[in-house]
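What follows is the residue order along each chain.
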Amino acid sequence: MAYDLLLTGGRVIDPDGGRDGVADVAVTGGRIAAVGTDLPREDAREVVDASGRLVTPGLVDLHTHVFPGGTYWGIHPDPVAWCSGVTTWVDAGSAGAYGLDALRGAVRGYRVRVPVLLNISAVGLTGLTGESRDLAACDVDLAIHTIAANRDLVHGVKARIDANTVGTHGLAPLRRAVAVARACELPLMVHVGVAPPTIAELLPLLGAGDIVTHCASGIAMGRGGLDPALRRAYDAGVLFDLGHGSGGFAYDVLEAQLAAGMPPHVVSTDLHARSLYGPAFDLPTTMAKLLAVGLPLGQVVAAATSAPARALGLPAGTGTLAVGAPADLAVFAAERGDFPLADVHGQLRSAPLRLRNEATYLAGRLLPPSLPAPPPPWVPLTPAQRDALTRRDRLIRDLLTTPLVTPDGLAEQFPRP
Ligand SMILES: [Zn+2]
């Protein structure tokens, strides 16, 4: 048999390869063997009919927090990955130098791929916030040393810059993060939030290839419209990442940016213990919010595959269906309709399309259903969220005992506005 797996007749969107059309995808030895029309069925050990479905590279989520047990924010990625199509989860600063070994240990236990951004603060996101209030924790030499010893895992630097995180230190933690990123020749991702410092003060410190996350949050909008510092940063080559999260995404700000010709380069969830149960939910839901403001599907898929892979210089084969790439694949039912979706402020827009993940393959192997752990006790859930979790757990337990049932309908088990 030439192929281990053949997905036939799906609409294949592979922005990296410039492909958008009906095609078959063949997998051999965990890698993409061929993408083309009418690949021979008889040459495949397993044939999966993907007609009427959307087939994309496994999604790459540029901003997540997947260090549960070591941080306030962490969630386990696998119970979300198998029903969302996300095969690469970039952990954005959960760990600094002190926690990186423990994060590495956690990552070893995951099925999905987890590249890491090292927090400039050595204590990372152990607590709710405030990790850079003690400047001693923002140790440039220690961070450089830690990255040098962990080049396989660390693909960038993360700094959270807002009043709660930096206290009275203003731009000092950011200046240190820039120093580390430049010394290590890695991109820097900066989280923007409530001033001080203002984004007008912090954005000029970033350069081409650095990333601003929560790019369309409320703080990007001044009284007179978009902060002009955004335009200058965008034109200078700073990458805009959505970073939805629990507070980082406002439709009106995104729409102002689109009107100004500044669409986000990357769409990410900032998925963590406070955004997983809404308002972000998962990456396909977050992608649908970009469709709701009028971005075309191909551009949105690029923002969740090739663009984040390029932004961090992730290993060749990430976020692409190029022949020889690891066969990370996502299969979606694309349902047309009118799907109201909320931002973090409860503003609603209607998505014309909803992506419901039906299968997720990592290196050619189907990710099996997996049951999420209950949320940690410090995460408050509404009664509606608790009911939804109970329903979802029951559904997954059923799947685990009757493996032939497909995961249809799981997404609807979450409460939606
Ligand atoms: Zn985050």
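Our structure's up above, just so we're on the same page.
Below is a short write-up of the structure. Everything numeric in this text was worked out from a predicted model, so none of it was measured.

### Considering the overall build of the chain
When you go through the chain residue by residue, the secondary structure sums to 12 helices and 17 strands. Computed over C-alpha atoms, the radius of gyration of the chain comes to 21 Å, within 12% of the 22 Å expected from 2.2 N^0.38 for 417 residues, which places it in the range of a compact globule. Seen along its three principal axes, the alpha-carbon backbone of the chain occupies a region of about 65 × 45 × 45 Å. Buried positions account for 58% of the 417 residues belonging to the chain. Within the chain, contacts between residues at least 6 apart in sequence are counted, and of these 75% link residues at least 24 apart. About 15900 Å² of surface is accessible on the chain, with carbon and sulfur atoms providing 55% of the total.

### Some remarks on the nonpolar core
Ranked by size, the top nonpolar core spans 97 residues in total, and within it Trp 89, Leu 174, Leu 188, Leu 203 and Met 287 carry the most contacts. Discounting residues that sit within four places of it in the chain, Leu 188 has contacts with Val 157, Lys 158, Ala 159, Leu 174, Ala 177, Val 178, Ala 181, Leu 206, Asp 210 and Ile 211. Of all hydrophobic cores here, the second largest spans 17 residues; its members include Leu 7, Val 27, Ala 50 and Tyr 361.

### Description of helix 2 (residues 100-108)
Residues of helix 2 that are buried: Leu 100, Leu 103, Arg 104 and Val 107. One side of helix 2 holds all its buried residues, which, seen down the axis, span an arc of 105 degrees. Away from the buried face of helix 2 by more than 90 degrees, exposed residues Asp 101 and Arg 108 are located. Where helix 2 is buried, its residues meet strand 7 (86-92), strand 8 (116-119), helix 3 (140-148) and strand 9 (154-161).

### Things to note about the coordination of the zinc ion
Looking at the zinc ion, one finds its protein donor set to be His 63 (NE2), His 65 (NE2) and Asp 270 (OD), positioned 2.0 to 2.4 Å from the metal centre. For the zinc ion, the donor residues sit on a single chain with the sequence spacing H-x1-H-x204-D. Of the two residues, His 63 sits in strand 6 (residues 59-64) while Asp 270 sits in the loop between helix 8 (251-259) and helix 9 (283-292), which places them 207 residues apart along the sequence. Each member of the pair His 63 and Asp 270 is classed as buried.

### Observations concerning unusual backbone geometry
Of the consecutive residues Ala 195 and Pro 196, the connecting peptide bond is found in the cis state with omega at -5 degrees. Mapped onto the elements, Pro 196 comes out in the loop between strand 10 (188-192) and helix 6 (199-202). In this model, Glu 185 sits at a positive phi of 55 degrees, which is unusual for a non-glycine residue. Its location among the elements puts Glu 185 in the loop between helix 5 (172-184) and strand 10. At Ala 363, a residue that is not glycine, the phi angle is positive and equals roughly 50 degrees. Turning to its location among the elements, Ala 363 is positioned in the loop between strand 16 (348-362) and strand 17 (365-366).

### Considering helix 7 (residues 228-235)
Taken as a whole, helix 7 has its buried residues at Ala 229, Leu 230, Ala 233 and Tyr 234. Looking down the long axis of helix 7, one finds its buried residues gathered within 135 degrees of arc, a one-sided arrangement. Exposed side of helix 7, more than 90 degrees from the buried face: Pro 228, Arg 232 and Asp 235 are the residues found there. For helix 7, the elements touching its buried residues are helix 6, strand 13 (225-226), strand 14 (239-241) and helix 8.

Conventions we followed
Residues numbered from 1 in each chain as written. Predicted model: local features only at pLDDT ≥ 70, side-chain atom pairs only at ≥ 80, totals over all residues. Heavy atoms only, no water. Helix = DSSP H or I, 4+ residues; strand = E, 2+ residues; numbered from the N terminus. Rg over C-alpha atoms; globule rule 2.2 N^0.38 Å. Buried < 20%, exposed > 50% of the residue type's maximum accessible area, 1.4 Å probe, protein only. Contact = heavy atoms within 4.5 Å. Areas by Shrake-Rupley, 256 points an atom, 1.4 Å probe, with all protein chains shown as cover. Core = buried A, V, L, I, M, F, W, Y, C linked by side-chain atoms within 4.5 Å. Arc of directions from axis to C-beta. Donors = N, O, S within 2.8 Å, 3.2 Å for Na, K, Ca; no water.

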